[in-house]
Every structure is written in C-alpha cells, then in structure tokens.
Amino acid sequence: MTAISEVVVEKRPTAQAPASAFAVNIRGRKVPALINPARDFPAWHFAMLNDQDRNRALERAISKLDLQGKVVFEVGTGCGLIALLFAKYGAKHVYTCEANSHLADIAARVISSTGLSERITLYCANSSTLIEESLLPEQPEVIFTETLDCGVVGEGFYAVARDIRRIARPDTLIMPGLIQQYGILVEAPTLAKLNRVDEACGFDISALNIFSTRSYFPVRERLYDYTPLSEPFLLHEYTYAEERPAVSGSALAYRSGTADGVLSWFEAQFGDETITNSPGTHGHWHQAFHPFNAPLEVDAKQEIALRIDNHGHIAPQVPEETRA
Ligand SMILES: C[S@@+](CC[C@H](N)C(=O)[O-])C[C@H]1O[C@@H](n2cnc3c(N)ncnc32)[C@H](O)[C@@H]1O
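Residues numbered from 1 in each chain as written. Predicted model: local features only at pLDDT ≥ 70, side-chain atom pairs only at ≥ 80, totals over all residues.

K.L.:
Can you walk me through the site of the ligand in this structure?
P.N.:
Close contacts around the ligand come from 20 residues, with Gly76, Gly78, Ala99, Ser127 and Glu146 the closest. Counting only elements with at least two residues in the shell around the ligand, the list comes to helix 3 (81-88) and helix 6 (157-167). Counted by class, the shell around the ligand contains nine nonpolar, eight polar and three charged residues. (Near = placed C-beta within 6 Å. Helix = DSSP H or I, 4+ residues; strand = E, 2+ residues; numbered from the N terminus. Nonpolar A, V, L, I, M, F, W, Y, C, P; charged D, E, K, R; others polar.)

K.L.:
Looking at this structure, how should I read the sheet that holds strand 15 (residues 250-252)?
P.N.:
The pairing of strands in a sheet happens through backbone hydrogen bonds and is either parallel or antiparallel. Read across the sheet, three strands follow the order 15-19-20 without closing on themselves; strand pairing throughout is antiparallel. Strands with a single pairing partner mark the edges of an open sheet, and in this sheet they are strand 15 and strand 20 (314-316). Strand after strand, the sheet turns through a mean of 30° between neighbouring axes, direction not considered. One ladder, built from three bridges, connects strand 19 (residues 303-308) with strand 20; its direction is antiparallel. (Pairing = 2+ DSSP bridges. Axes fitted to C-alpha atoms, helices over the stretch in contact; angles between N-to-C directions.)

K.L.:
Sorry if this is basic, but what is going on with the nonpolar core here?
P.N.:
Within soluble globular proteins, side chains that are nonpolar generally end up buried alongside one another. Ranked by size, the top nonpolar core spans 75 residues in total, and within it Ala83, Phe86, Val94, Ile111, Leu122, Leu185 and Val186 carry the most contacts. Ranked by the residues each element gives to this core, the list is headed by strand 16 (residues 257-270), at seven residues. If near-sequence neighbours (up to four positions away) are discounted, Val186 is found in contact with Tyr226, Thr227, Pro228, Leu229, Ala259, Asp260, Gly261, Val262 and Leu263. (Core = buried A, V, L, I, M, F, W, Y, C linked by C-beta atoms within 7 Å. Buried ≥ 20, exposed ≤ 12 C-beta atoms within 10 Å, placed from the backbone. Contact = placed C-beta atoms within 7 Å.)

K.L.:
I keep staring at the environment of Asn100 and nothing clicks. Help me out?
P.N.:
Inspection of the secondary structure puts Asn100 in the loop between strand 5 (93-97) and helix 4 (101-112). A sequence separation of 60 residues divides Asn100 from Asp40, and the C-alpha atoms of the two residues are 8.4 Å apart.

K.L.:
Help me understand the pairing of strand 6 (residues 120-123) in this model?
P.N.:
Along any regular strand the residues' side chains alternate between the sheet's two faces. Side chains Ile120 and Leu122 project from strand 6 onto one buried face, and the interleaved Thr121 and Tyr123 project onto a second face that is buried too. Sheet topology places strand 5 next to strand 6; four bridges connect them, and they run parallel. Bridge assignment links Cys97 to a residue of strand 6, and that residue is Tyr123. For the segment spanning strand 5, helix 4 and strand 6, crossover handedness is right-handed. (Right-handed = clockwise from strand over helix to strand, strands pointing away.)

Pasting the structure below:
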C-alpha cells in the first residue's frame, strides 16, 4: 500500500481499476490521462461542494482550532477540500484517505495544484485498511470526518466510528463531536408511494415491493404534501468517540392519523458550528424518510415508542393489534 503522498498515489487494485492504472505520481511529474469514470463517480459531490453553507461552516470550524504542531487524520476526503483547509489553517501534517479511486485521483490533482501538498498525505484507501495495516505514521491529535448522508448512517457511519475508536486517544479531538437526529411522525401517502406499489392498470404488481427500501431514502420534504402528526423528537444521538445506546425515542402524537413513517434530519456539531438538513434548509442534503413496514394508526396524545436500528430502519414499538 502506498500513499498518495505529497501527492504520491499508490493504490490497491480494485475490480474497476487494476493496479497498472494506478501509476500516478502527480508531484513526480507523471500525470495519468484522466479517463471519464462515468457512473463510478457519485455525482452528489458537485452539489455537496457547491453547498456554500456547509463549506463555510466547516471552514469556520477548522479555522477556530489551534492546529499549530498538530497532526490531523481525515476519513474520506472526496476532492481534498477538508485536508486543504486543515493545512491552510496551520496543521503540521494532514493524513487523509479516500476509498473511491476516481475521487482520490482528483484529490491528488487538486492538492498538488496548491502550495499545501507538502503537508498532506493522501491514501487511496478505505480508513479500515489504513488502520488495520497500521499505515498511519503518526498519532493524530485531531480526527475529522464528514461522511454523513441525509439519514446519518448510510455512508458507513458505524464502520468509520469503529475505525476512529481504534486510533483515538482520550484527548483526541474528534469532529463532529455529536450528531443528533430528529424526526417527526408523518402521514404521507405520497412519500410512501415512492417506495411501494400495489396495482397498475388493474394488475397486482405488489411483487415489486420486495425491493422497497426498508431503512430510509432522501426526500426534499418541501416538494411533498404530508401531515405532521407529532412535534419534532430526538430519534438518536451518534458520536464517533463512543457507542451510544439507542435512545428510546418516542413521539407524542398531537393529531390522530395514519403514520406512514418518520421524516428525519440531523444536527451535526463541528466545534460550535452546526450543520443540519432540517426542514426549511436549502443545502445539498435532502431530509430522510423512514417508511414504516405498515401504516400505523395513531391517536392524538398517544405516545409512540420508536426504535431505530443501525441501518436507520425505524420500527414503532406498539402491540400488533393496534397496527392498521
Ligand atoms: C460526504 S464526502 C465528503 C468529502 C470531504 N470530506 C468534504 O467534506 O468535502 C465523503 C467521502 O468519504 C469517502 N469515504 C467514506 N467512507 C470512507 C472510508 N471509511 N474510508 C475512506 N473514504 C471514505 C467517500 O467515498 C466520499 O468521497
């Protein structure tokens, strides 16, 4: 394993990209012809990098740190933006990694086009590989990751958290420090219909529902009609530093109706900066809709206990006979 160090690229072969395609040494003047990786590239990176509220909040959070003499480790650099910000604001050295080899190539190019590349080592690798193979040459004082999707866990939260816990010491600063996930119970047949079908032109095509998403999927809540059945409630809290037992989140219905699921969003604390995809915000993250397995009849003032699993699937904890 090699690093895309100062910016030297060394990668493991993958199914999409054989090792021979990886002779990249941008600093060393041998720049590969970039092939268009087409759909192997997650297109949401454009929207994310154009999300100036997100970028500015992360830059503010990094700029407030005292980074002199500090070693930083970042999980998941994408195009290298965060690694560059840490270097810009004074980190002694930034070790970063990117599991997607196409993005790692881009990050190598971006980083090497700045005057900061001497203080950045980029690995084209998953953080688990780096840590399992003890490839980080220095103990980081700061660990940063922005690997959040709309429902928090979909980009590998638990794997990243496991990796971070393996190398963090009690005094390591981990960003984000806390991620709180909130939800509201919603009656939302239009959202439910994004995920299941019963009939079309008189034919029963419900067999397709074996492909329904069980956990959650992104929705721009403002584009859909739905009826809130509860006030916002705390669904779960996540930290990379320690595993938090599932909060026994419960929703207090303020209106009777048929709950189709939970609409959720997060508030992630990067120092004193909060990044959120709460309803009404216009960032690149959508909100997350967690469909129930079956619609649930709720009465006004009824308290509904909800359990969220590690995939983000939410199950109401109610006796079977009260289910619709
Ligand atoms: C949401 S993007 C953020 C990129 C960058 N940190 C930023 O904020 O602009 C997260 C990136 O992390 C990468 N990633 C996710 N989990 C990873 C892991 N365990 N190891 C290495 N890269 C990872 C993904 O491929 C993706 O490019």
